Amino acid sequence: MSEITLRNVIKRYGAVEVVHGIDLDVEEGEFVVLLGPSGCGKTTTLRMVAGLEDVSDGNLSIGETRVNEVAPKDRGVAMVFQNYALYPHMTVRQNMEFALKPLGLSAKEVARRVDEIANMLGLSELMARRPAQLSGGQRQRVAMGRAMVRTPDVFLFDEPLSNLDAKLRTQVRLEIAKLHNRLGTTVLYVTHDQVEAMTLADKIVIMRDGHIEQVGTPEQVYSQPDNMFVATFIGSPPMNMIPAQVRERELQANGLALKVPPRFEGRLAEGQSVTIGIRPNGLSLAGAEMPNAAPARVEVTEYLGNEALLDLRVGPHELIAEVPALGRPAPGTEISVQFDPDAIHLFDTETGASLSR
Amino acid sequence: MAYIRKRNRSIFLIFLLPAILVLFLTTIYPMLYAGYLSFRSYDLAKPFVPRVFVGLSNYQNVLTTGDFLHALKITFQLMAITLSIQLFIGVGLALLVTQRLPGMSIARTLLLIPMMISPVIVGLVWLFLYFPELGYLNYFLSYIGIGPISWITSPDWALWAIAIADIWQWTPFIMMGTAAALTSLSPEPYEAAKIDGNTRWQVFRYVTLPQLKPVLVSLLFLRAIDAFKIYDIIFVLTKGGPGDSTEVLSLYIYRQSFTFWQMGVGAAASFVSLIIIVVLITFFFKSLNRDPMQS
Ligand SMILES: Nc1ncnc2c1ncn2[C@@H]1O[C@H](COP(=O)(O)OP(=O)(O)O)[C@@H](O)[C@H]1O
Ligand SMILES: [Mg+2]
């Protein structure tokens, strides 16, 4: 087990810089998820840690040692690839054995390790099959098994669930969480799926365009987003964003005026352009006379069972509200929507930075 | 429906007819005629003597006089030498030209040139190179203190001289097929092996080679058929000599038919060769049908 440290790590392909000097600490035994939209440099970062890509600049350490120039095999890492990267002509057993070959163990020890991991992952029945004879979920487990037999210090996962159907994804996600609890190995895990990130991570690293936008626990990135990107990227449906101006202790937007919540008192300048952020569950139905309420028109309702999503039009703004499904208003109704002051986030419209701290 | 189907059937027969006709005239009829000749005595030098039926005596002649068996042995010797070396160098070159290194795509194209030259020309080029006193090969060898070697005039060297020319011409074929197969292999398993720390040799032996096997078997098979009927290069370089040291099957058949004018014997030898080739093909497809991933 080892910690991973990145200091000002840069990756360039020729003249194009795709990772712009990122700093990251993965503690020993921690499960860290790199989360971000497609093309933001997650895979590139992971491959640099694995040693499959050179680090163009900066420092990369695993454990105490700088590993920029260390060969992949000497870094003590194992990797699970997005498309599993199994050897197509080898059986499940041979796939796992081949990963152990460099260790030069006795045949007995190899068999013991392979059988142990196979048991743990429920692969014992499949040992004589080749990858083409396995389902997606089974291949995924074989790929994990092949990484685990070597008992590495660090596990690297690149979108390991993206080729599975939704149900299987939930199932394997749980398996991965259980395995991590059991083995306690350091994990660096790449995904573009926020649900995966929220459920698995001790710590989430949100990336965009080769930069790190925020590092924090799932709770932190959800309830205290550092900026507008994180605020809208985490959470589904996404946070509502309303451009507004500060006027006389009110946040004034077209067709909407909210009191500045007390915790922002003294932090805002008169006339400042801010963006109000509020999650769909921060909006509720209310009587017209309530404070912080605004008239709204229900355009569409989406029934989700327990809750319903309302597509609201408030002045020129389109907002999504999440309300109890029971007693939801019909489309076309004029209602009054209330903004929970505790659920309001404020961002500087210019920089996108949160004004909450 | 039935009407249309019936009409369609006659239409497709009409479309097939030209192909069948050509096939019959150029392949089936000559083969049948050769089969007919192989049971007759037919001396081309005496065309007006009736071609009497002689039973199996042509076949007996072929299989009992040592010449045919000697030619068969030479053919397989040459095949073994050329195929094994072509495989070795061809795969090596394929591994080299598929590396992402500067100049490799140019090298790949240049290496294909020998394959594009007519075998007769290849024979002539090597004839000049092998020329005992004036040839370039011995000239260069003399600089490193070797030589002079009587490449095509000594029975010890002649078969090697032919093998070298054939290897020069046909190694690119193995290289091209192998390189194509190599570039189609998915790169991820190689990255997995890199992280796991498998050595280059282990990766080649246990990951690359097994995946290449089906392609290599096909390439070797095509080369084997070519090697079995090799003619032009030998005809230009040695004409089967010195003595009969490079007389392969096709030259033997040629000599029986057009030097000794024994068309019947030539036809019988052709048929025996045909049977050998058919056996080879069957054997090959059997081995292909076995799951190529096993073993
Ligand atoms: N070999 C390469 N050469 C040039 N650009 C690359 C290469 N690999 C990735 N990139 C670029 O780097 C950026 C990040 O890619 P990647 O790390 O794969 O993104 P992610 O995994 O987050 O989807 C992308 O814009 C991609 O086009
Ligand atoms: Mg990726």
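This section reports on the structure supplied with the text. This structure is a prediction, so every number in the text was calculated from the model and none was measured.

## Some points on the interface of chain B and chain A
And then number 1: On the chain A side, the residues contacting the 18 residues of chain B number 23 residues.
And then number 2: Three residues stand out in chain B for area buried against chain A, namely Glu191(B), Ile195(B) and Asp196(B), and they jointly supply 34% of the buried area on that side.
And then number 3: One salt bridge connects Arg150(A) with Asp196(B), and the closest N-O pair in it is separated by 2.8 Å.
And then number 4: On inspection of chain B and its partner chain A, the count reaches six residue pairs in polar contact (both at pLDDT 80 or more).
And then number 5: At the level of secondary structure, the elements contributing two or more residues to the side of chain B that touches chain A comprise helix 9 (188-196) and helix 10 (200-228) of chain B.
And then number 6: If one sorts the elements of the side of chain B that touches chain A by residue count, helix 9 of chain B sits on top with eight residues.

## Let's talk about the sheet that holds strand 12 (residues 250-253) of chain A
Residues and elements named next belong to chain A.
And then number 1: Within the open sheet, the five strands sit side by side as 13-12-11-14-20. Their pairing is antiparallel. Bordering the open sheet on either side are strand 13 (256-259) and strand 20 (345-348), each of which pairs with just one other strand. Strand-to-strand twist across the sheet, computed as the mean angle between neighbouring axes with direction ignored, equals 35°.
And then number 2: With four bridges joining them, strand 12 and strand 13 adopt antiparallel strand pairing.

## Quick notes on helix 3 (residues 107-121) of chain A
Residue and element names in this part refer to chain A.
And then number 1: The end-to-end C-alpha distance of helix 3 is 21 Å, a good match for the 21 Å that 15 residues give at a rise of 1.5 Å each.
And then number 2: Taken together, the buried positions of helix 3 are Val110, Arg113, Val114, Ile117, Ala118 and Leu121. Axial view of helix 3: buried residues confined to an arc of 130°, hence all on one face. Summarising the geometry of helix 3, the exposed residues directed more than 90 degrees from the buried face are Lys108 and Asn119.
And then number 3: Its buried side turned inward, helix 3 meets helix 2 (92-100), helix 4 (136-148) and helix 5 (166-183).
And then number 4: Phi for Gly122, located one or two positions after helix 3, is positive at around 65°.

## Quick look at the pairing of strand 14 (residues 273-278) of chain A
All names here are of chain A.
And then number 1: Counting buried residues in strand 14 gives five out of six residues, a clear majority hidden from the surface.
And then number 2: Pairing between strand 14 and strand 20: four bridges, direction antiparallel. When the sheet's bridge partners are listed, Val274 is paired in strand 20 with Asp348.

## Focus on unusual backbone geometry
Residues and elements named next belong to chain A.
And then number 1: Note the cis peptide between Ser236 and Pro237, where omega equals -5°.
And then number 2: Position of Pro237 among the secondary structure elements: in the loop between helix 8 (228-233) and strand 11 (240-247).
And then number 3: One non-glycine residue with positive phi stands out, namely Tyr84, at about 75°.
And then number 4: Relative to the elements of secondary structure, Tyr84 occurs in the loop between strand 6 (77-80) and helix 2.

## What to know about the pairing of strand 1 (residues 4-13) of chain A
All names here are of chain A.
And then number 1: Here strand 1 runs beside strand 2 (residues 16-26); their pairing, made up of eight bridges, is antiparallel. The residue bridging Arg12 from the neighbouring strand is Glu17, located in strand 2.
And then number 2: A loop of two residues connects strand 1 with strand 2, the two strands running antiparallel in sequence, and Gly14 in this loop sits at a positive phi of about 60°.
And then number 3: Both strand 1 and strand 4 (residues 57-62) contribute to a ladder of five bridges, which runs antiparallel. Paired with Ile10 across the bridge in strand 4 is Asp57.

Reading the values: the criteria
- Residues numbered from 1 in each chain as written.
- Chains lettered and ligands numbered in written order.
- Predicted model: local features only at pLDDT ≥ 70, side-chain atom pairs only at ≥ 80, totals over all residues.
- Heavy atoms only, no water.
- Contact = heavy atoms within 4.5 Å.
- Buried area = accessible area lost by both parts, 1.4 Å probe.
- Salt bridge = Lys/Arg side-chain N within 4 Å of Asp/Glu carboxyl O.
- Polar contact = N/O pair within 3.5 Å; in protein donor to acceptor, adjacent residues only side chain to side chain.
- Helix = DSSP H or I, 4+ residues; strand = E, 2+ residues; numbered from the N terminus.
- Pairing = 2+ DSSP bridges.
- Axes fitted to C-alpha atoms, helices over the stretch in contact; angles between N-to-C directions.
- Expected span 1.5 Å × (residues − 1).
- Buried < 20%, exposed > 50% of the residue type's maximum accessible area, 1.4 Å probe, protein only.
- Arc of directions from axis to C-beta.

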